[in-house]
Amino acid sequence: MSGTGSTAGDDPLGTAVWRLRSRACWADAAELLRAATAPAALQRAALLVERCLYTEQGWAEAEDALRTAEALADSDDERGAAACERGQLAYAATLHGVRDRADEARAALGRAAALIAPGAPGRALLDFRRGLLAENLTGSPQAARAAYRRAHAGATAHADPLLLSCTWRHLAGLALRDGELAEARHGFAESLRIREELGYLVGTAPALVSLAETETEPEASRLREEARRLFRLLGGVPTWLTRHLTPPAPGAATA
């Protein structure tokens, strides 16, 4: 899901949905999107799929919302967007060890690629998600980098700052993996800057943790402490940050 609802010129409903989403209140945001139209159903499904990725909960509700969005879609763009969300849900389930749905994720994103025209606004998000699959499920960093770069270019062309923050962060992660510290620091800093400007609280703690990996002390500890504060504020979301933010036990040996 892109940054829909994140700019000052949005309608009141879009602004309300964005504010709830950015504060990890996905279910409340989804309740505002009950209209039986394809765009509303797609946005509702996207919110609930995102909740699964961040909280590891709500799988059944996301499946129900996704089936509704698939049933209401009546254009190639809408069917492609629904397939993209189907792929993301299958990816999240696989990533979190709920069930191995990697083949379903690949098939759904392939279906989306056949439906969403090159250059269309939804193509950048699709490219980003194909990068996630390549990096985290297939173990193909080169394919992931190429997909992230296509997504980065698309997010820039279509002025999607939230997606741009994601591409910055994941390209920086690959750079860090390759030992390119300065490039990684720049990408993580850009990602954090965009998320802070947007007020995307639920994505700010991960950005802080990533940037901390490229900094020396005391800056690294300051960034992690700020991430820990936000993590507690949002009730322990995203759940996968727990292992990065849990302080070592007193007296534990350090390498």
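Residues numbered from 1 in each chain as written. Predicted model: local features only at pLDDT ≥ 70, side-chain atom pairs only at ≥ 80, totals over all residues. Heavy atoms only, no water.

1. Description of the packing of aromatic side chains
Item 1. Evaluated as defined, the whole model comprises four aromatic pairs.
Item 2. Look at W18 and Y200: their rings are 5.5 Å apart centre to centre, the planes differ by 20°, and that puts the pair in the stacked class. Of this pair, W18 sits in helix α1 (residues 12–22) while Y200 sits in the loop between α10 (181–198) and α11 (201–212), and the two are 182 residues apart along the sequence.
Item 3. According to the relative accessible area criterion, Y200 is buried, its value standing at 2%.
Item 4. A centroid spacing of 5.4 Å and a plane angle of 40° characterise the contact between W26 and Y54, whose relative ring orientation is tilted. In this pair, W26 sits in helix α2 (residues 26–31) while Y54 sits in helix α3 (residues 38–55), placing the two residues 28 residues apart along the sequence. (Phe/Tyr/Trp six-rings, centres within 6.5 Å; stacked < 30°, edge-to-face > 60°. Helix = DSSP H or I, 4+ residues; strand = E, 2+ residues; numbered from the N terminus. Buried < 20%, exposed > 50% of the residue type's maximum accessible area, 1.4 Å probe, protein only.)

2. Here we look at the layout of surface pockets
Item 1. There is about 950 Å³ of room inside the largest pocket.
Item 2. Forming the boundary of the largest pocket are 37 residues, of which L132, N136, R169, H170 and W240 lie nearest the centre.
Item 3. Of the residues assigned to the lining of the largest pocket, the class counts are 20 nonpolar, seven polar and ten charged. (1 Å grid on protein atoms, 1.4 Å probe; cavity = no way out; pocket = protein on both sides within 12 Å on 5 of 7 lines; lining within 4 Å. Points joined across faces, edges and corners; volume = space filled by probe spheres on them. Nonpolar A, V, L, I, M, F, W, Y, C, P; charged D, E, K, R; others polar.)

3. Quick look at the confidence of the model for the protein chain
Item 1. Chain-level pLDDT for the protein chain is 93 on average; 93% of the residues reach the 70-or-more range.
Item 2. Confidence over residues 1–8 falls short of pLDDT 50; this stretch has 24 contacts with residues more than four positions distant or in other chains.
Item 3. Contacts for the low-pLDDT stretch residues 249–255, under 50 throughout, to residues beyond four places or in other chains number zero contacts. (pLDDT = per-residue confidence, 0-100. Contact = heavy atoms within 4.5 Å.)

4. Concerning α3
Item 1. In this model α3 runs 26 Å from its N-terminal to its C-terminal C-alpha over 18 residues, within 8% of the 26 Å that 1.5 Å per residue would give.
Item 2. Taking burial as the measure, the 18 residues of α3 include 17 buried ones, the bulk of the element.
Item 3. Taken from the residues just after α3, E56 is the one with a positive phi, measuring 60°. (Expected span 1.5 Å × (residues − 1).)

5. So, the environment of L95
Item 1. By the element assignment, L95 lies in helix α5 (residues 76–95).
Item 2. L95 sits 42 residues away from L137 along the chain, and the two C-alpha atoms are 7.4 Å apart.
Item 3. Beyond its immediate chain neighbours, meaning those up to four positions away, L95 contacts L53 and N136.

6. So, the pattern of salt bridges
Pairing between side chains of opposite charge can happen when the charged atoms of each approach one another.
Item 1. The full count for this structure, using the stated rule, is 22 salt bridges.
Item 2. Here R145 makes a salt bridge to D178, at a shortest N to O gap of 2.7 Å. One end of the pair, R145, is in helix α8 (residues 141–157); the other, D178, is in the loop between α9 (161–177) and α10, and 33 residues separate them in sequence.
Item 3. The network of salt bridges with shared partners includes E63, D64, R67, E70, R86, R101 and E104. (Salt bridge = Lys/Arg side-chain N within 4 Å of Asp/Glu carboxyl O.)

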